[in-house]
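# Survey of secondary and tertiary structure
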Amino acid sequence: MPEDEKGSRATSAEVEVFEAIFTRYYPLVYRLAYRYVGQADEAEDITQEVFMRFYHLPPHATSEAQQRAWLCRVAINLGLNVLRKRKSRFDQERQLDTQAQESVLDSAEERNPERFVLAGEQAELVRSIFAQLPERQQVCLMLRSTGFSYEEIAEATGIPITSIGSVLARAMQAFRRSYHE
């Protein structure tokens, strides 16, 4: 049986609750992490860290919605930390080039190489524009694009629900403006 930080053993009921939460929210947490970092291995690391934190220091959430908001908030914060740690544009470009080359080799038979390169360039453009938005707008736009309602975004971010619409509108306007330039 797993042990918690205090050295005591978790009950089977606690393990079952954790497993149910893990199974239900793993795809959502991974998707959020991947949208931030754009790399499967980093997204996987972030997702694992989120659930390790949840297991060892569970939030004092009383409802499923609060647990979901906590998981999303931690995933977003860890994703932002990864982005902050990336030291230079050169490192990012080198990683993307390596990833694109590996992907092209793996799927050359399945895809048109020209389309694949264009799709990679498009994804990089979207990520770079997204990264230029203010952090608050990034978070709201990411959660909304993942299917969160205004209420869920407000709960996950702590932003008043009355402000979510205007934050999203400004984010979309700034994104569209940069994208069309």
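Heads up: the structure comes first, above all this text.
To keep things clear, this report deals only with the structure shown in the data block. (Residues numbered from 1 in each chain as written. Predicted model: local features only at pLDDT ≥ 70, side-chain atom pairs only at ≥ 80, totals over all residues. Heavy atoms only, no water.)

### Observations regarding the packing of helix α6 (residues 135-145) against helix α8 (residues 161-180)
Packing of α6 against α8 leaves a shortest axis separation of 9 Å and a crossing angle of 95°. For the element pair α6 / α8, the angle class is roughly perpendicular. Together, Arg 136, Gln 137, Cys 140, Leu 141 and Arg 144 of α6 and Ser 163, Ile 164, Val 167, Leu 168, Arg 170, Ala 171, Met 172 and Ala 174 of α8 make up the contact between the two elements. (Axes fitted to C-alpha atoms, helices over the stretch in contact; angles between N-to-C directions. Helix = DSSP H or I, 4+ residues; strand = E, 2+ residues; numbered from the N terminus. Parallel < 35°, antiparallel > 145°, perpendicular 65-115°, else oblique. Contact = heavy atoms within 4.5 Å.)

### Here we look at the pattern of salt bridges
Under the defined criterion, the tally for this structure stands at 3 salt bridges. With a closest N to O distance of 2.8 Å, Arg 53 and Glu 49 form a salt bridge. In this pair, Arg 53 and Glu 49 are both assigned in helix α2 (residues 40-56), 4 residues apart and thus about one turn of the helix distant. Under the relative-accessibility criterion, Arg 53 is labelled partly exposed at 38%. Across the pair Arg 68 and Glu 152 runs a salt bridge, and its minimum N-O distance is 2.9 Å. Taken together, the residues span a long stretch of sequence, with Arg 68 in helix α3 (residues 64-85) and Glu 152 in helix α7 (residues 150-157) at a distance of 84 residues. When its relative accessible area of 27% is taken as the criterion, Glu 152 is described as partly exposed. (Salt bridge = Lys/Arg side-chain N within 4 Å of Asp/Glu carboxyl O. Buried < 20%, exposed > 50% of the residue type's maximum accessible area, 1.4 Å probe, protein only.)

### Details of α2
The periodicity of an α-helix, 3.6 residues per turn, causes residues three or four positions apart to be oriented the same way. Over its 17 residues, α2 extends 24 Å from the first C-alpha to the last, a length consistent with the 24 Å expected when each residue adds 1.5 Å. Lining the buried residues of α2 we find α1 (12-37) and α3. (Expected span 1.5 Å × (residues − 1).)

### Digging into the nonpolar core
Residues Tyr 36, Val 50, Leu 71 and Leu 143 are the most contacted members of the largest nonpolar core, which totals 45 residues. Of all the secondary-structure elements, those providing two or more residues to this core are α1, α2, α3, α5 (113-132), α6, α7 and α8. Aside from chain neighbours lying at most four places away, what touches Tyr 36 is Ile 76, Gly 79, Leu 80, Leu 83, Phe 130, Gln 138, Val 139 and Met 142. (Core = buried A, V, L, I, M, F, W, Y, C linked by side-chain atoms within 4.5 Å.)

### Brief notes about α7
For α7, the complete set of buried residues consists of Ile 153, Ala 154 and Ala 156. Those residues of α7 that are buried lie in contact with α3, α6 and α8. At the C-terminal side of α7, Gly 158 shows a positive phi close to 85°.

### What to know about the side chain of Gln 138
Within the secondary structure, Gln 138 is located in helix α6. A distance of 3.2 Å separates a polar atom in the side chain of Gln 138 from the backbone oxygen of Ala 131. Ignoring sequence-local partners within four residues, the contact set of Gln 138 consists of Tyr 36, Leu 80, Phe 130, Ala 131 and Leu 133. (Polar contact = N/O pair within 3.5 Å; in protein donor to acceptor, adjacent residues only side chain to side chain.)

### Focus: the packing of aromatic side chains
Under the definition given, this model contains 12 aromatic pairs. Centroid distance Phe 18 to Tyr 55: 4.9 Å. Interplanar angle 75°. Geometry classified as edge-to-face. Note that Phe 18 is positioned in helix α1 and Tyr 55 in helix α2, a separation of 37 residues in sequence. Pairwise contacts between aromatic rings join Phe 18, Phe 22, Tyr 26, Tyr 30, Tyr 34, Phe 51, Phe 54, Tyr 55 and Trp 70 into one cluster. Across from the ring centre of Phe 148, 4.1 Å away, lies the NZ or CZ of Arg 68, which sits over that ring. (Phe/Tyr/Trp six-rings, centres within 6.5 Å; stacked < 30°, edge-to-face > 60°. Lys NZ or Arg CZ within 6 Å of the ring centre and 35° of its normal.)

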